[in-house]
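The residues making up each chain are set out below.
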Amino acid sequence: MTGDGDPARRAAGPRPLGRRRFLGYVLAAPTLTAAAELVAAPGARADGIPSPEITELADLNDVMTAAALPTSGLITVEVHRDGTVSFALPRAEVGQGITTSTAMLIAEELDVPVDRVRVTLADARPELVFNQLTGGSNTTFSTYTPVRVAAAVARARLLRAAAAAWGTDVTELSWEAGVVTGPGGRSAGIGALSERAAAVRTEQVAVDLKPRDRFTVIGTPHGRVDALAAVTGRKKFTMDLDIPDALPTMVCRPPTINGTVGSVSNLPEVRAMPGVTDVAVISTGVAVCAATFGQCIDAVRALRVSWKPGTAEGKSDASVLGELRAAELPLGPPPLTPSVEGTFTFHFRSNSALEPNCAIADVRSDRAEIWSSLKAPIVAKETLAAQLGLPLGAVTVHVTEGGGSFGRKLFFDAAREAAEISQRIRKPVKLMWHRADDSRQGRTHPMATSRVRISYLGGTVLGYRQRHTSVATDLSHGLGEIFTALAARLPVGDIGFSETFFQLSQSMPYNFGANSRLLSETDKGFNTGSMRNVYSPDVTCARELLVDRLATRMGRDPYRFRRAFLRDDRARAVLDTAAEAGEWGRSMPDGTAQGIALHTEYHAACAALVEIDCRPGTVNRRIRDAVTGPRVTRAVIAVDAGLAVNPRGLEAQMMGCLMDGIALTLTSSLHLRDGHFLEASWDNYFYTRQWNTPPEMRIVVMPDSTGEPGGAGELGVAPSMAAVACAYARATGTLPTSFPINHGTLSFDPKPAVPPVPQSPTDGLDHVR
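The following refers to the structure shown. (Residues numbered from 1 in each chain as written. Predicted model: local features only at pLDDT ≥ 70, side-chain atom pairs only at ≥ 80, totals over all residues. Heavy atoms only, no water.)

1. Describing the side chain of Ser681
With respect to the helices, strands and loops of the structure, Ser681 is situated in the loop between β29 (676-677) and β30 (696-701). Beyond its immediate sequence surroundings of up to four residues, Ser681 is in contact with Arg435 and Ser439. (Helix = DSSP H or I, 4+ residues; strand = E, 2+ residues; numbered from the N terminus. Contact = heavy atoms within 4.5 Å.)

Take a look at the structure:
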């Protein structure tokens, strides 16, 4: 790599910034600290866009990246004296593997081993504004260039420091595995050079990024940097932290959604229970602190509370469905040509992560400190400061690693509760929600309906209309502020937050003539969230089922019909790859079938092909305490996410997306009855279990065709769900219109809503096999 010390470069004067040439900063610090400065690229000419598709002008990922851009120079890469490199990532690691991919980006530009890069999670930093929000499959997309630029600045500075120390030119130096070598066999590690390379004042510099043909780390499968810590129990989550004097804390919650405390008849009695230290009424229920969580559960169960009505009092699946039908926007007058049409219902689904919702809070009179896994920590910090009546600078929010999220940790419900409790009792608290709390009072994926009409004439598709109607999605986690800040630059006109999100996240991959997709939302009485892939699984499932029906109506093969109408070569390539790898069209027994579906979003494309077994012998399998039903026996996912920084991580994401898609189609939902959800834990919320996973699964990562990463974290959910639904329709000869397909059968005995949590089990050994 040629540094700025190159005589030819000096003689030629400053070079213009090109596609791989960027400005960065060396910051004033004791050891080398470097940052990026990025300038937004000129906007695309409107007359260069061959289609009116909004997402081809700008999609949600573009918007989030543009919002993060102005503060990209505030995230820094630091080289330490011991030769390690550190980076505080302003995003949340919740199992998606971004600490690994970020370490790989730094290792690539600095030419150091990945295991010498330490990626931690940054505390809430309000100065980053919109650059500390994790969501929308945006992390790698938005940080890919800034992180590399910061690392490249550090590399160039280290080379110049070595050249100055040895009285030679940068061009005479070589660099390998974090060691700089010069003429005469002289060498020095980057740690030894870090102080010499440090700056006494902040300086602007220009750097070239490593070209793709020299990549040795990016694009190479790599194991997770935290894998060993995870499997040996050394990885630290919120509940693993040892914060002095923070006692186990739980909350007795109302029997209906968002109910509030009227009165408590036995506070003195509960306060006297073994281990209990504090009991306090709070905004969401009655908080209990004790020596152990088991004692918390006993106290919560013992409380006798009179509750006031909640925000969904008396509501049920049927009543909410009525609200959705009343709020549906019209499709327009019936077409004068033939058409296919369908209406689909998608029931509430839990947004619970495997890790219980939890937080630690230590609130004092003049300051507060919070620990939790947070995907929007700046919004959390600002909200908590206002809630506690403290200056923003007096509140410290530490972002911990999380055990799953899928959108759940965009909200900081546990952190807000923990802060309220700590302030109320004037002690540090370690708050954990019970599984029943998150199922019944936590965030849900909104119940929705989707109505689709596709008109055609002969072999031509004339138009596509879709009206998606949903219980309101809560966007108070910071995305709304981004939309507000960039409103004048968005290609969606003057519409609301949810509709903006909807339009920027939905794409039409087919040449289906004039098409329109509109969202209508109703009923803000539920605690909803941006569950993984948000609107796309439901919207895509409805669309792909109607595409299958249209293909049948036209006498066409579903795969070849899709292929003929696709707008994009990348989409066509993933569809072809899935069809070939999955042996589309092979002969299958009665009661089994294949399904294929496609989804595009965030500069990426994904196709899924599945095979399903709906024969009685499979559907009626007997497994203790299990929901079985149809089983996906084989699955192929072909994914083009642009440049895959870590192909192994991308494969893992697609596997998880497939499990989500199977669950959403076949087994996973919440049942609403009398203002509360019946499900109370994972034992009766039927996410995809081992006995319903496909014995045969293949993920095909397509060759890089763009040179830049696309969004991948959510990409595979929608096509997986749709492919399973299409396969089910072909295997049974019945078009499914209500999801999941088993929602109409309650497969468990609901746990009581009072007390709100079940007794701790004592018979675990009886179920060991």
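2. Examining the side chain of Thr540
Following the sequence through the fold, Thr540 ends up in helix α16 (residues 536-553). A polar side-chain atom of Thr540 sits 3.2 Å from a polar atom in the side chain of His599. Filtering out sequence-adjacent residues up to four positions away, Thr540 remains in contact with Leu598, His599, Ala718 and Ala722. (Polar contact = N/O pair within 3.5 Å; in protein donor to acceptor, adjacent residues only side chain to side chain.)

3. Here we look at the sheet that holds strand β22 (residues 448-457)
Spatially, 5 strands are ordered β24-β23-β22-β15-β31 in an open sheet, and the strand pairing comes out mixed. Unpaired on one side and paired on the other, β24 (514-522) and β31 (738-739) mark the two borders of the sheet. Here 10 bridges tie β22 to strand β23 (residues 460-471), and the two strands are oriented antiparallel to one another. Residue pairing for β23: Ile454 is matched across the bridge by Tyr464. Packed onto the sheet, helix α10 (residues 317-327) meets β15 (339-346), β22, β23 and β24 and runs at close to 135 degrees relative to β23. (Pairing = 2+ DSSP bridges. Axes fitted to C-alpha atoms, helices over the stretch in contact; angles between N-to-C directions.)

4. Here we look at unusual backbone geometry
Cis rather than trans, the peptide bond between Phe739 and Pro740 has omega equal to -5 degrees. Position of Pro740 relative to the elements: it lies in the segment after β31. The amide bond that connects Val754 to the next residue, Pro755, takes the cis arrangement and shows omega of -5 degrees. You will see that Glu583, though not glycine, has its phi angle at about 55 degrees, which is positive. Tracing the backbone through its elements, the reader meets Glu583 in the loop between α18 (569-581) and β25 (592-601). Positive phi outside glycine occurs at Tyr602, with the angle close to 50 degrees.

5. Quick look at α16
End to end, α16 covers 25 Å across 18 residues, agreeing with the expected 26 Å (1.5 Å per residue, within 8%). Counting buried residues along α16, 15 of its 18 residues qualify, which places the element largely inside the surrounding structure. Positioned one or two residues after α16, Gly555 has a phi angle of 70 degrees, which is positive. (Expected span 1.5 Å × (residues − 1). Buried < 20%, exposed > 50% of the residue type's maximum accessible area, 1.4 Å probe, protein only.)

6. A short note on the packing of α16 against helix α21 (residues 717-732)
Running from N to C, α16 and α21 cross one another at 35 degrees; their axes reach a closest spacing of 8 Å. Viewed along their axes, α16 and α21 form a crossing whose handedness is right-handed. Contacts from Ser536, Pro537, Asp538, Thr540, Cys541, Glu544, Leu545 and Asp548 of α16 reach α21 at Val717, Ala718, Met721, Ala722, Ala725, Cys726, Ala729 and Arg730. (Left-handed = near helix turned anticlockwise from the far one by under 90°.)

7. Some details on α21
With 16 residues, α21 extends 23 Å from end C-alpha to end C-alpha; this agrees with the ideal 22 Å at 1.5 Å per step. Counted residue by residue, α21 has 14 buried out of 16 residues, so it is predominantly covered. The positive-phi residue at the C-terminal boundary of α21 is Gly733, with phi of around 75 degrees.

8. Re the nonpolar core
The biggest cluster of nonpolar side chains holds 75 residues, and the ones touching the most others in it are Ile454, Phe512, Phe561, Ile612 and Met654. Tallying contributions element by element places α21 first for this core, with 11 residues. Not counting residues within four places of it along the chain, the set of residues in contact with Ile454 comprises Pro338, Ser339, Val340, Val461, Gly463, Tyr464, Phe512, Leu546, Val547 and Leu550. If you look at the next biggest cluster of nonpolar residues, it comprises 57 residues, including Ala103, Ala156, Trp166 and Leu643. (Core = buried A, V, L, I, M, F, W, Y, C linked by side-chain atoms within 4.5 Å.)

9. Overview of the environment of Glu417
Note that Glu417 resides in helix α12 (residues 413-425). Exposure remark for Glu417: the relative accessible area of 4% places this residue in the buried category. Sequence-wise, Glu417 and Lys427 are 10 residues apart; in three dimensions their C-alpha atoms are separated by 13 Å. When residues no more than four places from it in sequence are discounted, the contact partners of Glu417 are Val251, Arg253, Ile282, Thr284, Leu431 and Trp433.

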